[in-house]
Amino acid sequence: MAHPKRRQSKRRTAARRTHDKAVAPALAVCSNCGAMHIYHTVCGECGYYKGKLAIEKVAVA
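Now for a look at the structure at hand. Just so it is clear, the structure is predicted and the values come from calculations on it, not from any experiment. (Residues numbered from 1 in each chain as written. Predicted model: local features only at pLDDT ≥ 70, side-chain atom pairs only at ≥ 80, totals over all residues. Heavy atoms only, no water.)

## Here we look at the overall build of the protein
Helix and strand content of the protein: 1 helix and 4 strands. Ordered by position from the N terminus, the helices and strands of the protein form the series α-β-β-β-β. Its C-alpha atoms give the protein principal-axis dimensions of about 65 × 25 × 25 Å. For the protein, the residues scored as buried account for 13% of the 61 residues in total. For the protein, the share of sequence-separated contacts (at least 6 apart) that also reach a separation of at least 24 residues comes to 0%. Total accessible area computed for the protein in this model is approximately 6,100 Å², and 56% of it derives from carbon and sulfur atoms. (Helix = DSSP H or I, 4+ residues; strand = E, 2+ residues; numbered from the N terminus. Buried < 20%, exposed > 50% of the residue type's maximum accessible area, 1.4 Å probe, protein only. Contact = heavy atoms within 4.5 Å. Areas by Shrake-Rupley, 256 points an atom, 1.4 Å probe, with all protein chains shown as cover.)

Following this line, the structure appears as structure tokens:
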């Protein structure tokens, strides 16, 4: 296995880690109910995807 000869500086470590960050998901507006949902996924509120019913939502009483 590789063994470091010298200690990496804080700047070099930080520069490597700049790309390791959380990214907010891209949101879309549901065309059926108007709720926000993640792109290319079924709407969690109504169960529609691309204008078609994908999941039958059960009413909880």
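## Let's talk about the side chain of threonine 13
Following the sequence through the fold, threonine 13 ends up in helix α1 (residues 10–17). Threonine 13 gets classed as buried once you look at its relative accessible area, which sits at 16%.

## Observations concerning the side chain of histidine 37
Within the element layout of this structure, histidine 37 appears in strand β2 (residues 36–38). A polar atom in the side chain of histidine 37 sits 3.4 Å from the backbone oxygen of threonine 41. Once you skip the residues sitting within four places of it in the chain, histidine 37 turns out to touch Ala26, Leu27, Ala28, Val29, Cys30 and Cys43. (Polar contact = N/O pair within 3.5 Å; in protein donor to acceptor, adjacent residues only side chain to side chain.)

## Details of a nonpolar patch on the surface
Together, Leu27, Val29, Met36, Ile38 and Tyr39 make up a nonpolar patch on the protein surface, roughly 510 Å² of accessible area in all. Broken down by secondary-structure element, the contributors of at least two residues to the nonpolar patch are β1 (27–29) and β2. The topology assignment puts leucine 27 in strand β1. Classification of leucine 27 by relative accessible area gives partly exposed; the value is 45%. (Patch = residues over 30% accessible without salt bridge, like charges linked within 9 Å, V, L, I, M, F, W, Y side chains within 5 Å. Salt bridge = Lys/Arg side-chain N within 4 Å of Asp/Glu carboxyl O.)

## Points about the environment of isoleucine 38
Residue position: isoleucine 38 is located in strand β2. A relative accessible area of 44% places isoleucine 38 in the partly exposed class. Considering only alpha carbons, one finds isoleucine 38 and alanine 26, 12 residues apart in sequence, at a separation of 6.0 Å. The residues touching isoleucine 38, leaving out its near neighbours within four places in the chain, are Pro25, Ala26 and Leu27.

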